[in-house]
Structures are given as C-alpha cells and as structure tokens.
Amino acid sequence: MSKYILAIDQGTTSSRAIIYNSALQALTTAQQELPLSYPEPGWVEQNPQQIWQSVLGCIKQALQQLALKPTDIAAIGITNQRETTLLWHKASGKTLYPAIVWQDRRTAKQCQQLKDTGCEPMLQQKTGLLADPYFSATKLGWLLDNIPGARALAEAGELCFGTVDCYLLWQLTGGKVHATDASNASRTLLFNINSQRWDDELLQLFDIPAAIFPQVMDNAAHFGITDPHILGANIPILSMIGDQQAALLGQACISPGMSKSTYGTGCFAVVNTGATVMLSQHKLLSTLAWRLEGQSTYALEGSIFMAGATVQWLRDKLGIIQQASDTEALAQQSSYQQTELLIPAFTGLGTPYWRPEINAALFGMTRDTGRAELATAALCSVAYQSRDLLSAMLKDGVRVDSLRVDGGMTANRWYLQALADLSQTPITRCHTTDTTALGAAFLAALQLGYVNNLTDINRIWQSGEQFQPVLPADSAQALYQRWQRACKALIALEL
Ligand SMILES: Nc1ncnc2c1ncn2[C@@H]1O[C@H](COP(=O)(O)OP(=O)(O)O)[C@@H](O)[C@H]1O
Ligand SMILES: O=P(O)(O)OC[C@H](O)CO
C-alpha cells in the first residue's frame, strides 16, 4: 500500500520536494535553486516554466533518491511563496507574462493613491491587509492593464489568475483544476477573510473580472489528482497552504498566542490568534492561518521583505562571500557595537513602515569598513527588523515571550544569538529548518487519516537549540534606538 507523503515547498529562491513516511519523518529532500530577475528598478519577476520545471525536477529526484515509484506516494501537499501573481490562458495553460514576485513594487503609486483616497481602513477591515504592492491585487491589475488583449480575454473568461499554489495545482492536474486554498487567497487583497469569499466590492475597486478567479478550498481537501502523463500515476493532492501559515503549523503553534518566525528570503513573524480576526492598530497584517472543515483559524503577521535575501546580496552583488554560511565567521570578527548599520530596504520596507518607495542605505562607514562589518550589518539588520515586528505585536497587546524560528537563515548560530540579544527574546530553533514542508505534509496526513487532529503535531515537533539573550537589556535598547533613528532619517530623506 502506498503510504508516503510528498511535500512540495516552492519558495522564492528554491523549490524543494520532501518525502515523509506515515509517521511524518522526513526521509529525503531534493532541492533546486531558482533565479529571480530584476528587469527594472523595483520590479521582481520569475519564469513560470522554471518554477514548474524545478518542482517537477525535485519530485522526480526525491523519488529516485528513495528508489520509490510514483504509485508509492499516497498524497501530495503543496506549500509556496505567497502573493506572487500569475495569469495564464485557460485553453493552453500558457502564461501571459512572467510571475510578478511578492517583492515587486511596480504598483507603489497605485497603492499610494488607495491610501490617499482613504481606502485603506476598508481594505484592512475586509482582508486584514494594507494598501501595498506586496499583495496580489495591484499586480493582477497591472497585468490586465499592460498586456495587450489581456483584459478582453479575462472578461471573456478565457484566462486564469492564480498564486503559485494554484499554478502548480493546474500544472500537476494537467490543466483540470483551477483552485486555491483559503490561506493563499487571504494574501491577495481580494479575498474577504470574514465572509471567506472573493469580495465583489474589491473586485470592482481593483477592476478585476470575476471570471478569472479560482475556487477557494479548505487547506486539507481533495484538490485533485495528478495527470498520469506528468508523473506516471494518479496521485491525490490533499493539501495546499501558504508557506508562512504552513510553518506556523509545522512549528506546532496551534493555540492562540503561539508564534514563530521564519527566516528564508524574507522574514515572517506570525502569531496564532485563534478563531477571531484581530485587526492590528500597528500595521501588522491579519491573515488566515488555515481553514479546516470550514472552520477558520486566524493569525497576526509581521512581514520583512529582505532577510536571507540580504545575505544573498552580499554573495551575488558585492561578492564578499562565497556562500551564505560565510557570514557566520565574518560576523565573529566584529560586534553589535560597530558603527556600520544597514537598512536593507532593497525592495522597500514592510511592517511596520510600509514604504515601498524607500531604497536601502548603509550608515556609519569608516575607512576600516570591510567584509566583516558588512556581514555583521546584514545579519543585525534582520534582527533589528525582527524587533520592529515584536514591538508592533506588543503594542497590539500580543507579548511574545519566546520565539520559535526556522528557515534557511537559522542555520547561522551567530545570527540566532544576535536575534536573541538584539530583540531580548529567547529563541528556540526547531529540530528541522523545514517546518514549512512539514506543515503541508501534516495537512495531507490529516486528510489521509494518518493523524487525527491538529494536536497530533505536538508529537512531531521537537525543540532544537535554544538561544538566551546575554546582552544587557539597556545595551540592546540603545542599539535598537539607533536603528530606529536611522530608519526615521532614511524615510525623512525622501531622495
Ligand atoms: N548560514 C546561513 N547564514 C545566513 N543566511 C543563510 C544561511 N544559510 C542560508 N541562508 C539564507 O537563507 C535563505 C534560504 O532559505 P530558504 O528557507 O530556503 O528560503 P526560501 O524558502 O525563501 O527560498 C537564503 O536567502 C540564504 O541567503
Ligand atoms: O520564500 P519565503 O520562504 O521567504 O516566503 C515568501 C513569503 O511567502 C512571501 O509572503
């Protein structure tokens, strides 16, 4: 009998396929890096075919690594980078344009207009989100307005809109299923998280025809079966969930008040708020954590656009490191007290600033500034931004006493100590950095009946290393105040 679960984790910089046994132990991982392109300042795109082919390649490689046949897989679960927007022809499956990636801020002006015309409170009330180019709505509007003929085709019902989960489902089912899940839908700025529907008033506001929208399903459901031409078997797809919500589940944050922070390309701190939507007064996002059997669990989220991506910038643009892990040894040669301070607003600033038009800046350079100081500034910038998120949560009445962390950047022990020190918060690393895939696999297991309910995740989650703050609180406070002054100065510059 087939009993393995295959989780697809389609992240911003890489795709992964992980095969789990029925006890949800990860047996093998296959991974492929994915490039991003930056065709104009502020634009971030990805090739949809490359996304799909990398996923397919990883699935085949993972099966090969365990010498399994596709028929050995009982179910597939999908988790993905969220908000990234695709538009394709219903008949051919051909995309009309590259995927517009979540970090893209080409629609900053439209979002400013929404703010100027006083729409933001209504947007927040309906969707839990804010008027920012991060979300899918204005990206989709841009596609319809800028690709010749797209709007007419959309109105005629000949196009499909989808985020990456939806696009992968379409590909895996051979173009038979156009569906998304509630957690991904909740990141589009078009989905009403109270009524759990695509919102007509929002579709009108953003001028988007209803005909292009996918069906919205629970996070554990029968989404479809794989086309046998693709993998050589009919495998059911039984879960889909946005990567940050998947990590919340994979980190066993299933009770209200529990929180995690994932450090991949960006950083996303998410706290479970239970069955009620909690609207932030301090620029956090309210989002759907998951919907199971029609019952929604909500979350509060703080989003940082450049976490591990800042480390990639050191590698790919400055060329001062060979690989991301080199930052650890470099940072050991400097200290938090260094004068250099990096504000990595390479794709604008997210929570709590929401300033898509701001660019990055490096303050406090001296003649001695070198590789070590730049690496330290990069790592500390992610810790300071994390403190921004935790402070916003505290102002909203949510105290994070200790934080569960995961994601590629948490392989860096120096960074995790800096995070504990600069945020003055005890940090617990999960036994696996792949909590995202685990969340998706767990939901597929729930649908298969391998686990009974969400509390079973507590049997699977294991604590890894812990990091306690050792920097005195007043020193951390002084450093953080310097960070805040620098952010304020950069925003005030309006260059
Ligand atoms: N040892 C390390 N130190 C700092 N950053 C790291 C380290 N290892 C990986 N990273 C960063 O983690 C990110 C990859 O993490 P991952 O969780 O795979 O991201 P994503 O899912 O967004 O593609 C990269 O941006 C990389 O720079
Ligand atoms: O690629 P990640 O893991 O940084 O996640 C991207 C987020 O889903 C964007 O909202």
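Predicted model only: the values in this text are computed from it and were never measured.

Here we look at the UniProt feature "domain: Carbohydrate kinase FGGY C-terminal" (unreviewed entry) in the protein chain
Item 1. In this numbering, the UniProt entry assigns the feature "domain: Carbohydrate kinase FGGY C-terminal" (unreviewed entry) to residues 262–447.
Item 2. Helix and strand shares over residues 262–447 are 35% and 23% respectively, and the end C-alpha atoms of the span are 25 Å apart.

Let's talk about the environment of G250
Item 1. You can see G250 is positioned in helix α10 (residues 243–250).
Item 2. Distance from G250 to C430, taken between C-alpha atoms, is 9.3 Å for residues 180 residues apart in sequence.
Item 3. When neighbours within four sequence positions are excluded, G250 is seen to be in contact with T435, L438, G439, I457 and W461.

A word on the pattern of salt bridges
Item 1. Within the structure shown, the criterion is met by 21 salt bridges.
Item 2. Across the pair D243 and R82 runs a salt bridge, and its minimum N-O distance is 3.6 Å. Of this pair, D243 sits in helix α10 while R82 sits in the loop between β5 (73–80) and β6 (86–89); the two residues are 161 residues apart in sequence, bridging distant segments of the chain.
Item 3. D243 sits in the buried class, given a relative accessible area of 12%.
Item 4. Assessed through its relative accessible area of 2%, R82 is described here as buried.
Item 5. With a closest N to O distance of 2.8 Å, R106 and D104 form a salt bridge.
Item 6. Accessibility expressed as a relative area gives 1% for D104, which makes it buried.
Item 7. Among the charged side chains, a salt-bridge network with shared partners connects R82, E83, R187, D243 and E301.

So, the layout of surface pockets
Item 1. Put simply, the largest pocket is a space of about 910 Å³.
Item 2. Residue lining of the largest pocket: 40 residues in total, with T13, G264, T265, G408 and M409 positioned closest to the centre.
Item 3. Elements with a contribution of two residues or more to the lining of the largest pocket: β2 (14–20), β3 (26–33), α10, β15 (259–263), α11 (308–318), α12 (326–331) and α15 (435–448).
Item 4. A total of five residues in the lining of the largest pocket trace back to one element, the largest contributor, which is α11.
Item 5. Looking at the lining of the largest pocket residue by residue, the classes come out as ten nonpolar, 21 polar and nine charged.

Details of the packing of aromatic side chains
Item 1. Applying the stated criterion to the full structure yields 19 aromatic pairs.
Item 2. With centroids separated by 4.7 Å and ring planes inclined at 45°, the aromatic side chains of W313 and F346 adopt a geometry described as tilted. Here F346 lies in the loop between β19 (341–343) and β20 (361–363) and W313 lies in helix α11, a separation of 33 residues in the sequence.
Item 3. An angle of 65° between the planes, with centres 5.7 Å apart, marks the rings of Y336 and W414 as edge-to-face. Within this pair, whereas Y336 is found in the loop between α12 and β19, its partner W414 is found in helix α14 (residues 413–423), the two being separated by 78 residues in sequence.
Item 4. Of the aromatic side chains, those joined through ring pairs into one cluster are W102, Y134, F135, F268, F305 and W354.
Item 5. Across from the ring centre of F268, 5.2 Å away, lies the NZ or CZ of R82, which sits over that ring.

A look at empty space enclosed by the protein
Item 1. In total, this model carries four cavities of 30 Å³ or more according to the counting rule given.
Item 2. Computed from the structure, the largest cavity encloses a volume of approximately 50 Å³.
Item 3. As for the largest cavity, its lining consists of S335, Y336, Q338, E340, L341, T376, A377, C380, Y384 and R482.
Item 4. No other element matches helix α13 (residues 371–395), which puts four residues into the lining of the largest cavity.
Item 5. Here the lining of the largest cavity is built from residues that sort into five nonpolar, three polar and two charged.
Item 6. Of the voids in this model, the second largest cavity is the one considered here, and its volume is about 40 Å³.
Item 7. Taken together, S303, I304, F305, L349, G350, T351, Y353 and Q385 make up the full set of residues lining the second largest cavity.

Section: the site of ligand 2
Item 1. Around ligand 2 sit T12, Q81, R82, E83, W102, Y134, D243, Q244, T265, G266 and F268, and that is every residue in its neighbourhood.
Item 2. Here an oxygen atom of ligand 2 sits 2.4 Å away from a polar atom, N or O, in the side chain of T12.
Item 3. In this structure, E83 approaches ligand 2 through a side-chain N or O atom, which is 2.6 Å from an oxygen atom.
Item 4. In isolation ligand 2 offers 310 Å² of accessible surface; the protein chains occlude 94% of this area.
Item 5. In a pocket analysis with a 2 Å cut-off to the grid points, ligand 2 is assigned to the largest pocket.
Item 6. Residues that form the shell around ligand 2 fall into these classes: three nonpolar, five polar and three charged.
Item 7. Split by domain, the residues of the shell around ligand 2 number at least three in each of domain 1 (4–245) and domain 2 (252–430 + 462–495).

Each value, and the rule that gives it
- Residue positions within a chain follow its written sequence, with the count starting from 1.
- Chain letters and ligand numbers both follow the written order, the letters beginning at A and the numbers at 1.
- Selection of residues for local features in this predicted model requires a pLDDT of at least 70, selection of side-chain atom pairs for listing and counting requires 80 or more, and totals for whole chains, interfaces and linings are taken over all residues.
- Excluded from the side-chain calculations are hydrogens and water; all other atoms, namely the structure's heavy atoms, are used.
- UniProt positions are given in the numbering used here, feature names are shortened, and annotations may be inferred rather than shown by experiment.
- The numbering of helices and of strands both runs from the N terminus, where a helix is a DSSP run of H or I of at least 4 residues and a strand a run of E of at least 2.
- The contact definition used throughout considers only heavy atoms, calling two residues in contact when any of these lie within 4.5 Å.
- Salt bridges are identified by distance alone: a Lys or Arg side-chain nitrogen within 4 Å of an Asp or Glu carboxyl oxygen.
- The cut-offs for exposure are 20% and 50% of the maximum accessible area for each residue type, with area from a 1.4 Å probe on protein chains only; residues under the lower value are buried, those over the upper are exposed, and the others partly exposed.
- Residues are said to line a cavity or pocket when one of their atoms sits within 4 Å of a point; the points come from a 1 Å grid over protein atoms alone, cavities being sets where a 1.4 Å probe fits but cannot get out and pockets being open sets with protein on both sides within 12 Å along at least five of seven lines.
- Grid points are joined across faces, edges and corners, and a volume is the space filled by probe spheres set on the points.
- We call Asp, Glu, Lys and Arg charged. Ala, Val, Leu, Ile, Met, Phe, Trp, Tyr, Cys and Pro are nonpolar, and the rest, Gly among them, are polar.
- Aromatic rings from Phe, Tyr and Trp, with only the six-membered ring used for Trp, were paired whenever their centres fell within 6.5 Å, and each pair was classed as stacked if the ring planes differed by under 30 degrees, edge-to-face if by over 60, and tilted otherwise.
- Two thresholds decide whether a charge sits over a ring: the Lys NZ or Arg CZ must be within 6 Å of the ring centre and within 35 degrees of the ring normal.
- The criterion for a residue being near a molecule or strand is simple. One of its heavy atoms has to lie within 4 Å of it.
- Under the rule applied, a polar contact is a pair of N or O atoms within 3.5 Å (in protein, one hydrogen donor and one hydrogen acceptor; residues adjacent in sequence only if both atoms are side-chain atoms).
- In this description, accessible areas are obtained by the Shrake-Rupley approach with a 1.4 Å probe, and a residue is regarded as covered only by the protein chains that are shown.
- Think of it this way: a molecule belongs to a cavity or pocket when more than half its atoms come within 2 Å of the grid points there.
- Throughout, the edges of the domains are those of an automatic or database domain assignment.

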